[in-house]
Amino acid sequence: MKIMLVLFFCSKMAGTCLPPYSPDIMFDDKYSCLTYGYKLSYEIMTELGPEKVNKDLMYIKFDCVDYKNNKETPL
């Protein structure tokens, strides 16, 4: 089973999320995908910085889905 990370970049200010983004990497298990998702989300928020995040009320949500069978639906 291969697991794919799917991220959504959202803004409460705009009331919307950008189309889903999936890095070009597959995972062998959900744990590896989730820990990578948290790390990547932290890195992205750090790059955006507090001024932009606070001004636009930005947040990131993500899910790890079964790529081959697509049994799970991302958030």
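Above this note sits the structure.
The following paragraphs examine the structure supplied in this document. (Residues numbered from 1 in each chain as written. Predicted model: local features only at pLDDT ≥ 70, side-chain atom pairs only at ≥ 80, totals over all residues. Heavy atoms only, no water.)

### Overview of the overall build of the chain
And step 1. Broken down by element type, the chain carries 1 helix and 4 strands.
And step 2. N-terminal to C-terminal, the α/β element order of the chain is β-β-β-α-β.
And step 3. Principal-axis analysis of the C-alpha atoms gives the chain an extent of 40 × 20 × 15 Å.
And step 4. Taking all 75 residues of the chain together, 33% fall into the buried category.
And step 5. Nonlocal contacts in the chain, meaning residues at least 24 apart in sequence, comprise 62% of its contacts between residues at least 6 apart.
And step 6. Total accessible area on the chain stands at roughly 5300 Å², and carbon and sulfur atoms take up 58% of it.
And step 7. Distance between charge centroids for the chain: 4 Å, based on 9 positive and 10 negative side chains. (Helix = DSSP H or I, 4+ residues; strand = E, 2+ residues; numbered from the N terminus. Buried < 20%, exposed > 50% of the residue type's maximum accessible area, 1.4 Å probe, protein only. Contact = heavy atoms within 4.5 Å. Areas by Shrake-Rupley, 256 points an atom, 1.4 Å probe, with all protein chains shown as cover. Lys, Arg positive; Asp, Glu negative; His and termini not counted. Charge placed at Lys NZ, Arg CZ, Asp CG, Glu CD.)

### Digging into the packing of aromatic side chains
And step 1. Going through the model one piece at a time under the given rule, you end up with 3 aromatic pairs.
And step 2. Between Phe-27 and Tyr-36, the aromatic rings sit 5.4 Å apart at their centres with planes inclined by 45°, giving tilted as the arrangement.
And step 3. Using a relative accessible area of 7% as the deciding quantity, one classes Phe-27 as buried.
And step 4. Relative to Phe-62, the ring of Tyr-38 lies with its centre 4.9 Å away and its plane at 80°, an arrangement referred to as edge-to-face. (Phe/Tyr/Trp six-rings, centres within 6.5 Å; stacked < 30°, edge-to-face > 60°.)

### Looking at the nonpolar core
And step 1. Of all hydrophobic cores here, the largest spans 11 residues; its members are Ile-3, Leu-5, Leu-7, Phe-9, Phe-27, Cys-33, Leu-40, Ile-44, Ile-60, Phe-62 and Cys-64.
And step 2. Listed by contribution, the elements that provide at least two residues to this core are β1 (3-11), α1 (30-56) and β4 (58-66).
And step 3. Broken down by element, this core gets its largest block of residues, 4 residues, from β1.
And step 4. Of all hydrophobic cores here, the second largest spans 5 residues; its members include Met-4, Val-6, Cys-10 and Val-65. (Core = buried A, V, L, I, M, F, W, Y, C linked by side-chain atoms within 4.5 Å.)

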